[in-house]
Amino acid sequence: MSDAALIGKTPPRYILVARRLIDDITTGRYPVGDLLPTEAELCTQYGVSRHTVREAIREVIGLGLVARRQGVGSRVISQTPSRGYSHMLTSFDDLLRFATGTSLIDVTSEDTVADARLAKRGQFQRGQKLIRFEAIRVPSDDTGALPLAWSEVYVLAAYAGIRDDIGTREGAIGWFIEQRYGVRIMEIRQEIVAVNVDETLAGRLRVAPGSPALRIERCYVGDDGEVFEYAVSVSPADRYSFSMRLTRDAAG
């Protein structure tokens, strides 16, 4: 595919440029120690603005592949992305694909019901029958890598069949429910807060107690307007990054 064709498709241009740069670095076109082409050269190569190039390089820096030095340029420092959990959000589908390339291990599950806390936080009906899952999320292709997150997930008991998927397939639990039961996710409500890892989770995440982390809560709403999944995860701060691009509606 030509660069022009690549740039002409969605998602946003800076994401597409970043993906091409990442591919060029990981395949050795730009080996460790080399400088990337200048911003002006990349603008010409991809037919994009300097702002787009800068945003793309920022994404590549965030993966630990490149370091930028004023007056020198952007130098390749690694051919392998950092093992962190990098979450680049530009669309609804990006959020659904956030767990691609990762798997859940040490999975446990139990039947439960929504108490007052879950009714409030998870937006369930009090007394509603649920299944609680607990697991550690890790990179699928590196069994020796550090854990990316601890996860606690509650789903409606009607979807008990996903027990066969969790721990055996890559991806997010919401995907499993969509694929197995035909439920269409229409809305995801997300909240991210900074926390410290408590002693209970420190050992499982292989960090010191009190280490900084991000706690992410998500409620998944189906096409009937009801929440069918509530998920909580805790990721060590150096293993998770979240970026989001907002654009103004032209009509506004």
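Data block above holds the structure.
Read on for a plain summary of the structure. Note that this is a predicted model, so its numbers are computed, not measured.

Calculation criteria
Residues numbered from 1 in each chain as written. Predicted model: local features only at pLDDT ≥ 70, side-chain atom pairs only at ≥ 80, totals over all residues. Heavy atoms only, no water. Helix = DSSP H or I, 4+ residues; strand = E, 2+ residues; numbered from the N terminus. Buried < 20%, exposed > 50% of the residue type's maximum accessible area, 1.4 Å probe, protein only. Contact = heavy atoms within 4.5 Å. Areas by Shrake-Rupley, 256 points an atom, 1.4 Å probe, with all protein chains shown as cover. 1 Å grid on protein atoms, 1.4 Å probe; cavity = no way out; pocket = protein on both sides within 12 Å on 5 of 7 lines; lining within 4 Å. Points joined across faces, edges and corners; volume = space filled by probe spheres on them. Nonpolar A, V, L, I, M, F, W, Y, C, P; charged D, E, K, R; others polar. Axes fitted to C-alpha atoms, helices over the stretch in contact; angles between N-to-C directions. Parallel < 35°, antiparallel > 145°, perpendicular 65-115°, else oblique. Pairing = 2+ DSSP bridges. Salt bridge = Lys/Arg side-chain N within 4 Å of Asp/Glu carboxyl O.

## What about the overall build of the protein?
Line of reasoning, step 1. A count of helices and strands for the protein gives 8 helices and 10 strands.
Line of reasoning, step 2. Counting the 252 residues in the protein, one finds 44% classified as buried.
Line of reasoning, step 3. Across the protein, every contact between residues at least 6 apart in sequence was considered, and the portion connecting residues at least 24 apart equals 58%.
Line of reasoning, step 4. Accessible surface, the protein: about 13,200 Å² in total, of which carbon and sulfur atoms supply 49%.

## Regarding the environment of Ile185
Line of reasoning, step 1. Here Ile185 is to be found in the loop between helix H7 (173-181) and strand E7 (187-196).
Line of reasoning, step 2. Taking the C-alpha atoms as reference, Ile185 lies 5.8 Å from Val221; in sequence the two are 36 residues apart.

## With respect to the layout of surface pockets
Line of reasoning, step 1. Empty space within the second largest pocket amounts to approximately 240 Å³.
Line of reasoning, step 2. Put simply, the parts of the chain that give the lining of the second largest pocket at least two residues each are strand E1 (66-69) and strand E2 (73-76).
Line of reasoning, step 3. Residues of the lining of the second largest pocket, tallied by class, amount to 5 nonpolar, 5 polar and 3 charged.

## Thoughts on the packing of helix H3 (residues 39-46) against helix H4 (residues 50-62)
Line of reasoning, step 1. For the pair H3 and H4, interaxial distance at closest approach is 9 Å and the crossing angle is 105 degrees. What the angle tells us is that H3 and H4 run roughly perpendicular. Within the contact between the two elements, H3 uses Glu39, Ala40, Leu42 and Cys43 and H4 uses Arg50, Val53, Arg54 and Ile57.
Line of reasoning, step 2. Partitioned by chemical class, the residues of the contact of H3 with H4 number 5 nonpolar, no polar and 3 charged.

## A short note on the sheet that holds strand E4 (residues 102-113)
Line of reasoning, step 1. The strand order E4-E5-E6-E9-E8-E7 describes an open sheet built from 6 strands, whose pairing is antiparallel. Edge positions in the sheet fall to E4 and E7, since each has one partner strand and no second. Pairwise comparison of adjacent strand axes, ignoring direction, gives a mean angle of 15 degrees for this sheet.
Line of reasoning, step 2. Of the strand pairs in this sheet, strand E8 (residues 212-221) and strand E9 (residues 227-236) are connected by 9 bridges, and their pairing is antiparallel. Looking at E9, one finds that Ala213 is bridged to Pro236.
Line of reasoning, step 3. Relative to the sheet, H7 contacts E4, strand E6 (149-156) and E9, its axis offset from that of E9 by approximately 150 degrees.

## So, the pattern of salt bridges
Line of reasoning, step 1. Applying the stated criterion to the full structure yields 16 salt bridges.
Line of reasoning, step 2. Residue Arg132 pairs with Glu152 through a salt bridge whose shortest N-O separation is 2.9 Å. A residue pair is termed long-range when its members are at least 10 positions apart, and Arg132 in strand E5 (residues 129-139) and Glu152 in strand E6 qualify at 20 residues.
Line of reasoning, step 3. For Arg132, a relative accessible area of 15% translates into the label buried.
Line of reasoning, step 4. The class of Glu152 is buried, set by a relative accessible area of 12%.
Line of reasoning, step 5. The shortest N-O distance in the salt bridge between Asp238 and Arg239 comes to 3.8 Å.

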